[in-house]
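As a plain string of letters, each chain reads:
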Amino acid sequence: MALLLFLSLVLAGCGQSIKDSVNWEIEDFHFTNQDNEEVSLGDLKGEVWLADFVFTNCTTVCLPMMANMTQLQQQLEEEGLDVRIVSFSVDPAVDTPEVLKSYAENYGANLESWDLLTGYVPEKIDQFALKNFKTVARKPDDSDQVVHGTDFFLIDRQGVVRKFYNGINPPTDEILSDIEILLAED
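Since the structure is predicted, the reported quantities are computational estimates derived from the model, not experimental observations.

Asker: When you look at the pattern of salt bridges in this model, what are you seeing that I'm missing?
Answerer: Counted under the stated rule, the structure contains 10 salt bridges. For Glu 185, the salt bridge identified is with Arg 162, shortest N-O distance 3.1 Å. In this pair, Glu 185 is assigned in the segment after α6 (172–184) and Arg 162 in strand β10 (residues 160–166), connecting sequence segments 23 residues apart. The exposure class assigned to Glu 185 is partly exposed, which follows from its relative accessible area of 29%. A salt bridge links Glu 174 to Lys 163; its shortest N-O distance comes to 2.4 Å. Highlighted residues: Glu 174 in helix α6 and Lys 163 in strand β10, separated in sequence by 11 residues.

Asker: Sorry, what's going on with the sheet that holds strand β1 (residues 24–25) here?
Answerer: Sheets are built from strands paired through backbone hydrogen bonds, the pairs being either parallel or antiparallel. Within the open sheet, the 6 strands sit side by side as β1-β10-β9-β4-β5-β6. Their pairing is mixed. Strands at the two margins of the open sheet, each flanked by one partner only, are β1 and β6 (114–117). Judged from the 3 bridges that link them, strand β4 (residues 49–54) and strand β9 (residues 151–155) form a sheet pairing that is antiparallel. What sits directly across from Ala 51, in β9, is Phe 153. Against the sheet, α6 makes contact with β4, β9 and β10, and its axis sits at roughly 170° relative to β10, the strand it touches most.

Asker: Just to check I follow, could you spell out the packing of aromatic side chains for this structure?
Answerer: Applying the stated criterion across every chain yields a total of 16 aromatic pairs. Aromatic pair Phe 53 and Phe 153: ring centres 6.2 Å apart, planes at 85°, arrangement edge-to-face. With Phe 53 in strand β4 and Phe 153 in strand β9, this pair connects stretches of sequence that are 100 residues apart. Under the relative-accessibility criterion, Phe 53 is labelled buried at 1%. Through pairs of rings, three or more aromatic residues link up here, namely Trp 24, Phe 29, Phe 31, Phe 53, Phe 88, Tyr 120, Phe 128, Phe 133, Phe 153 and Phe 164.

Asker: Help me understand unusual backbone geometry, please; the structure alone is not making it clear to me.
Answerer: As a rule of thumb, non-glycine residues mostly have phi less than zero, and peptide bonds are mostly trans rather than cis. Phi angles above zero are rare outside glycine, and Asp 20 is one such case at about 60°. Looking at where Asp 20 falls in the secondary structure, it is placed in the loop between α1 (2–12) and β1. With phi around 55°, Lys 134 is a residue other than glycine that occupies positive phi space. Positionally, Lys 134 belongs in the loop between α5 (122–133) and β7 (137–138).

How each quantity is defined
- Residues numbered from 1 in each chain as written.
- Predicted model: local features only at pLDDT ≥ 70, side-chain atom pairs only at ≥ 80, totals over all residues.
- Heavy atoms only, no water.
- Salt bridge = Lys/Arg side-chain N within 4 Å of Asp/Glu carboxyl O.
- Helix = DSSP H or I, 4+ residues; strand = E, 2+ residues; numbered from the N terminus.
- Buried < 20%, exposed > 50% of the residue type's maximum accessible area, 1.4 Å probe, protein only.
- Pairing = 2+ DSSP bridges.
- Contact = heavy atoms within 4.5 Å.
- Axes fitted to C-alpha atoms, helices over the stretch in contact; angles between N-to-C directions.
- Phe/Tyr/Trp six-rings, centres within 6.5 Å; stacked < 30°, edge-to-face > 60°.

Have a look at this one:
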């Protein structure tokens, strides 16, 4: 019995950790999702989640990002991994809840575990993205396109960004492995 206790203590100390982890705390927010419901950081506390920044009339990077996130969501469901997805719109003037819902449905997203957020001014999401995710989300005055980062962000149960990945060509196995590590943490 003492040997079993010793081995369990040793093995508990050998827990895996996320390679190249960051530690970026996310400030509280209160935004509106595709169902016109308020979503806040408090609503996501206690959950592991993936985040990204997209917009519906994007003609370039958002298309593969949405397709990749949808595929990742399907893999998470197949693996039985309970993870939420949060997409912040970087073009809130265009991206109403109804527009976001239709957009996500066109990709086959499961909206039971995916919130697409809007309900703020462009300057707010630019500041929020830069401060919390170290990424840009800026709409030039002379364009209908938005300059924004293309990363996927992994957030732990305490609302801390732990890692980011290329959203155009995501390392799916690494993301799944890192999610398993976070889900195993208390």
